[in-house]
Amino acid sequence: MKDEKYIVTGMTCSACSSRVEKTVNNLAGVQNASVNLLTGTMKVAHDDSLTAEDIIAAVEKAGYGASLPEGTVKKHHNSMQDEQRGMKKRLILSISLLIPMMYISMHHMFADWFGLPIPGWVSNLFDGHANAITFTLSQFLLLLPILYANRSYFINGFRNLWHRSPNMDTLIAIGSAASLIYGCFAIFRIGYGLGHGDMALVEQYHMDVYFESAGMIVTLITLGKYMESKSKGKTSEAIERLMDLSPQTAVVERDGAEQTIPVSDVRIGDTVLIRPGTAVPVDGNVIEGTSSVDEAAITGESIPIAKGPGSTVVSASMNQNGFLKIRAEKVGEDTTIRQMIRLVEEASSSKAPIAKLADKVAGVFVPTVIAIAIVAAVIWLLCGAEFEFALSIGIAVLVISCPCALGLATPVAIMVGTGKGAENGILIKSGEALEIAHKADTVVMDKTGTITEGKPQVTDIIPFDISEKELAKIAISLENGSEHPLAESILSYGREHGYSAEKVTDFEAIQGKGIAGDMNGKRYYAGNTTLMEQLGIPVADTVSDLERLSDSGKTPLIFATEKKVIGIIAVSDKEKPSSKQAIKLLRDMHIHVVMLTGDNERVAKAIQKRLEIPEVIAGVLPQDKESHIRKLQEEGHTVAMIGDGINDAPALARADVGIAIGAGTEVAIESADAVLIRNDLLDAVSAIRLSRAVIRNIKENLFWAFFYNCIGIPLAAGVFYPAFGLKLSPMFGAAAMSLSSVCVVFNALRLKFFKPYRNSQSIELKNTPPEETTSPEADGRKEETTMTIEMNIDGMMCEHCQKHVSDALNSLDGVTATVSLEDKKAIVTIDNAMGDNGAVNDTALDDMLKKAVTDAGYTVTGLTH
């Protein structure tokens, strides 16, 4: 099976894209073909029985052009700019000729409207029945260059009509051609009247030539197309910015000499030199030098990151103030920036299922409109209307109908939305993923690396009958042979304290329970209570310690000899600062949050209580995550899975929407529907909010497109004329048609104002200090209690206001505040330090918080404990 992309030319509306899509899908061997009107591209999945030439021939037979992409997207964008410049020239020519033509045709109206005198030469040339030929022929001569400049409407329109695939150009061509033909007929009738002295005939035709309608129709359509193309250009700004960020050259060190080469020539393993103020050309690891690197282009995070030997740098990030040497690890199309560009392009050219209705309508829209125009004109003739009236009705129906708005409703919103996501490190693969994500009612998230930092640290060492140092050395020696994630935390603790591992023999890893090994003639074990019970080692004396540690969210590891427990070491993986806020925001969006963890029930419950997670499932092995997702789906839930994209691949693939977090450089894209480059759970919330905003925008666009046509076509057909006297002239119909597409595009551009959750919008100035390693003497210390208060604050208009409120609240002893500008709220956490200040009752506490905010210049509108 092959997946190929084609450039399709000649499409002007959704009827065109529908025709091309239907033609290619009907080919034997094609599994699926999807055409995107906005980008002018087609994606085809087909078997080996078809060749690219077969597909191109089918498209050409349908009346359009097709080719495989050549060159870069940038070149394609440049060709679109050339086309836009040509359209601008046509528009200027059309307007410059239309103005005098309209003045000749309607100079008496202009004089009445604006109170301007009519020049004598105008009256002498164009006024009166005797000047009827001059009056009509001058309009005809001015019209011809306009029609020639915009001849593409006629060429494409009648060609597609010949191929039995009429489109928007067909409607314009028929409408303006009808006006032109009737005008020419009027000139002949006027000439006949003047030649035979039949002035009544001259009077009948000389004010009804409709040349101005033909000129106005094509000019207004061109104006609308030009505005539409300018607006559509703005929808692809995100892709263009990403392409502009990608460096074109790199400085490499080969054979001891520096060389400046095209970035496409950099090979894996090359030493790349990055000087201050230059962009990183490829992904790699720092081997020499230190600097601060601005990764805003990739992650959306404005704070520069310190880099040194061993650090990872990604392409398109900006080196600020130091010299770096890096070893190239990912080059060419594998670099982060190129993968981002590819993802955004693929998402922009994809379709959402919600577009299927519009596609079905588009397939029959133009033939239906032509039929309505003919029927409406005939009915008015049968009802006794004059031919000119019936003709204007038919033309108005043709030119007001707008299949473009239907065709653009979905792709413009998807392009702007996915581009906006990419700007902020949120990469969404397809329109389908966007649509499903907005319906997600359950979010399942892995604990390690998603909710937590993924870097466990030793927090407690509790020895029994041996010293703390001896217990630590035994633990380090045993864990040195282990591949368990918690082993690294113990080894890291040993390195920090200068402890060295001793030789362990007969090492054994006991799956799911622990490890064992011989050291200095003794057999030692490390693991959970299940292992100890299996070995017959009593743990009754340690139960209280184990429960206390588990209840505080720590994972206890029991160390024992063959006869007794010799100590406990507790390890804790610190939650990310934004995790609690992200989970709360998901709950506020009426999304059920489920945490999967391999920890025991007590540890899981402690984390659940601390982060206020509605549901946790403990003791889950990596291979079992997928089954839990399936179970939720079988219960009727639409499930989004958030994981680190490494051992969560089956679950990410099983979920309705898989979101890989912190996978920007690893890009575990194959199993995920969205990739969050920043390792921040708030971005997952923003991704779901973005999907809801995009789908809401698409629905607004589709409503407008359907509503416009449902109202505009009957109005143009004269349905309301008998009762209300409402009738639409062809000129106003053409203007309305042009504006409808522009309105759809401008509505989609509102998505550019989408604001994701960021640290700048949730300033947390007081970080909780890291947990200190405790000794047995500290075991009895009293655990601090906290209280959370939600404050509604009015008057915050910008990030400076937000910072003022945050500073005011965080300046109070015992207060840690997180302020959200978007929600106009502050989440305040109070600890026991407030009790030391005497603020022990709720009333005094509320007054203190209100006063701090009021003194800063803002108003508290509500407090919730």
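Residues numbered from 1 in each chain as written. Predicted model: local features only at pLDDT ≥ 70, side-chain atom pairs only at ≥ 80, totals over all residues. Heavy atoms only, no water.

Asks: Can you walk me through the overall build of the protein in this structure?
Replies: In terms of regular secondary structure, the protein is built from 31 helices and 31 strands. Counting all 865 residues of the protein, 52% fall into the buried class. In the protein, of all internal contacts separated by at least 6 residues, the share reaching a separation of at least 24 is 69%. When the accessible surface of the protein is split by element, carbon and sulfur atoms take 56% of a total near 38900 Å². (Helix = DSSP H or I, 4+ residues; strand = E, 2+ residues; numbered from the N terminus. Buried < 20%, exposed > 50% of the residue type's maximum accessible area, 1.4 Å probe, protein only. Contact = heavy atoms within 4.5 Å. Areas by Shrake-Rupley, 256 points an atom, 1.4 Å probe, with all protein chains shown as cover.)

Asks: What is the right way to read the packing of aromatic side chains from this model?
Replies: The relation between two aromatic rings is expressed through the spacing of the ring centres and the mutual angle of the planes. One pass over the structure, following the stated rule, counts eight aromatic pairs. Arranged with centres 5.9 Å apart and planes meeting at 80 degrees, the rings of Trp380 and Tyr721 form a pair that is edge-to-face. Taken together, the positions of Trp380 in helix 13 (residues 356–382) and Tyr721 in helix 27 (residues 721–724) put the pair 341 residues apart, joining distant regions of the chain. Judged by its relative accessible area of 16%, Trp380 is buried. Judged by its relative accessible area of 34%, Tyr721 is partly exposed. (Phe/Tyr/Trp six-rings, centres within 6.5 Å; stacked < 30°, edge-to-face > 60°.)

Asks: Can you walk me through helix 5 (residues 132–149) in this structure?
Replies: Note: α-helices contain 3.6 residues per turn, so residues at a spacing of three or four share the same orientation. For helix 5, built from 18 residues, the straight-helix expectation of 26 Å at 1.5 Å per residue is met to within 8% by its first-to-last C-alpha distance of 27 Å. Taken as a whole, helix 5 has its buried residues at Ala132, Phe135, Thr136, Ser138, Gln139, Phe140, Leu143, Ile146, Leu147 and Ala149. (Expected span 1.5 Å × (residues − 1).)

Asks: Whenever I open this one, the nonpolar core confuses me. Can you help?
Replies: Grouped together as the largest cluster of nonpolar side chains are 143 residues, with contacts concentrated most on Val20, Val24, Met42, Met445, Ile613 and Leu681. By residue number, the principal contributor to this core is helix 26 (residues 681–716), which donates 16 residues. When neighbours within four sequence positions are excluded, Val24 is seen to be in contact with Val30, Ala33, Met42, Val44, Ile55 and Val59. (Core = buried A, V, L, I, M, F, W, Y, C linked by side-chain atoms within 4.5 Å.)

Asks: Explanation requested: the side chain of Asn701 in the structure shown.
Replies: Take Asn701: it is sitting in helix 26. Given the relative accessible area of 1%, Asn701 is considered buried. Look past the residues within four positions of Asn701 in its chain and what remains in contact with it is Ala409, Val412, Ala413, Val744, Asn747 and Ala748.

Asks: What is the right way to read the pairing of strand 29 (residues 815–820) from this model?
Replies: Regular strands show a simple pattern: their side chains alternate between the two faces of the sheet. Most of strand 29 sits inside the fold, with five of its six residues counted as buried. As paired strands, strand 29 and strand 30 (residues 825–830) are joined by six bridges and run antiparallel to one another. Bridging from a neighbouring strand, Thr816 pairs with Thr829 of strand 30. (Pairing = 2+ DSSP bridges.)

Asks: Would you mind going over the sheet that holds strand 3 (residues 41–46) with me for this structure?
Replies: By way of backbone hydrogen bonds, the strands of a sheet pair with one another, either parallel or antiparallel. Pairing within the open sheet is antiparallel, and its four strands lie in the order 2-3-1-4. Each edge of the open sheet carries a strand with a single partner, namely strand 2 (30–36) and strand 4 (65–67). Strand-to-strand twist of the sheet, defined as the mean angle between neighbouring strand axes without regard to direction, takes the value 25 degrees. One ladder, built from three bridges, connects strand 1 (residues 2–9) with strand 4; its direction is antiparallel. Residue Ile7 lies in a different strand from strand 4, and its bridge partner there is Ser67. (Axes fitted to C-alpha atoms, helices over the stretch in contact; angles between N-to-C directions.)

Asks: Explain the pattern of salt bridges here, please?
Replies: Side-chain pairs of opposite charge can arise where the charged atoms are in close proximity. This model, assessed by the stated rule, comprises 27 salt bridges. A salt bridge links Arg523 to Asp518; the shortest N-O distance between them is 3.2 Å. Overall, Asp518 belongs to the partly exposed group, its relative accessible area being 23%. A salt bridge links Glu612 to Arg587; its shortest N-O distance comes to 3.3 Å. Within this pair, whereas Glu612 is found in the loop between helix 23 (601–611) and strand 23 (615–617), its partner Arg587 is found in helix 22 (residues 579–588), the two being separated by 25 residues in sequence. (Salt bridge = Lys/Arg side-chain N within 4 Å of Asp/Glu carboxyl O.)

Asks: When you look at unusual backbone geometry in this model, what are you seeing that I'm missing?
Replies: Backbone phi values are negative for most residues with the exception of glycine, while trans is the configuration of most peptide bonds. Not every positive phi belongs to a glycine, and Asp465 is a case in point at roughly 70 degrees. For Asn520, which is not glycine, the phi torsion reads 55 degrees and is therefore positive. Relative to the helices and strands, Asn520 is located in the loop between strand 18 (514–519) and strand 19 (522–527).

Asks: Hey, could you run me through the environment of His497 in this one?
Replies: Of note, His497 is situated in helix 19 (residues 485–497). By relative accessible area, which is 41% here, His497 ends up partly exposed. Sequence separation of His497 and Lys469 is 28 residues, and the distance between their C-alpha atoms is 9.5 Å. Polar side-chain contacts of His497 include one of 2.9 Å to the backbone oxygen of Tyr493. (Polar contact = N/O pair within 3.5 Å; in protein donor to acceptor, adjacent residues only side chain to side chain.)

Asks: What should I look at first to understand the confidence of the model for the protein in this one?
Replies: Note: predicted coordinates in regions of low pLDDT should not be interpreted at a detailed level. Averaged over all residues, the pLDDT of the protein is 81; the fraction at 70 or higher stands at 87%. pLDDT under 50 marks residues 833–840. Its contacts with residues more than four places away, or in other chains, come to 11 contacts. (pLDDT = per-residue confidence, 0-100.)

Asks: Just checking my understanding: could you explain a nonpolar patch on the surface for this structure?
Replies: On the surface, Leu223, Met227, Leu739 and Phe746 cluster together into a nonpolar patch covering about 320 Å² of accessible area. Listed by contribution, the elements that provide at least two residues to the nonpolar patch are helix 9 (211–235) and helix 28 (730–749). Summarising the element assignment, Leu739 is placed in helix 28. (Patch = residues over 30% accessible without salt bridge, like charges linked within 9 Å, V, L, I, M, F, W, Y side chains within 5 Å.)

Asks: Can you help me understand the packing of helix 22 against helix 26 in this one?
Replies: Working note: a packed helix pair is described by the angle between its axes plus the distance between those axes. At a minimum axis separation of 8 Å, helix 22 and helix 26 run at an interaxial angle of 20 degrees. When the axis of helix 22 is compared with that of helix 26, the two are roughly parallel. Handedness of the helix 22/helix 26 crossing: left-handed. Of the residues in helix 26, those in contact with Ser579, Gln581, Ala582, Ile583, Leu585 and Leu586 of helix 22 are Leu681, Leu682, Val685 and Ile688. For the contact of helix 22 with helix 26, a count of residues per class yields eight nonpolar, two polar and no charged. (Parallel < 35°, antiparallel > 145°, perpendicular 65-115°, else oblique. Left-handed = near helix turned anticlockwise from the far one by under 90°. Nonpolar A, V, L, I, M, F, W, Y, C, P; charged D, E, K, R; others polar.)

Asks: So what exactly am I meant to see when it comes to the sheet that holds strand 7 (residues 271–274) here?
Replies: Taken together, the six strands give an open sheet; going across it, the order is 6-5-7-13-8-11, and neighbouring strands pair in antiparallel fashion. A single partner strand is all that each edge strand has here, and the edge strands are strand 6 (257–262) and strand 11 (312–313). In this structure, strand 8 (residues 283–288) lies alongside strand 13 (residues 324–330), joined through five bridges in antiparallel fashion. The partner of Val286 across the bridge, within strand 13, is Ile326.

Asks: How do you make sense of the environment of Pro577 when you look at a structure like this?
Replies: Note that Pro577 resides in the loop between strand 21 (565–572) and helix 22. Judged by its relative accessible area of 54%, Pro577 falls in the exposed class. As for Pro577 and Glu453, which are separated by 124 residues in sequence, their C-alpha atoms are 9.1 Å apart.

Asks: How should the environment of Gly454 be read in this particular structure?
Replies: In this fold, Gly454 is placed in the loop between helix 17 (447–451) and strand 16 (457–463). Considered as a pair, Gly454 and Ser572 are 118 residues apart in the sequence and their alpha carbons are 9.8 Å apart. The contact partners of Gly454, leaving out residues within four places of it in the chain, are Thr448, Gly449 and Asp573.

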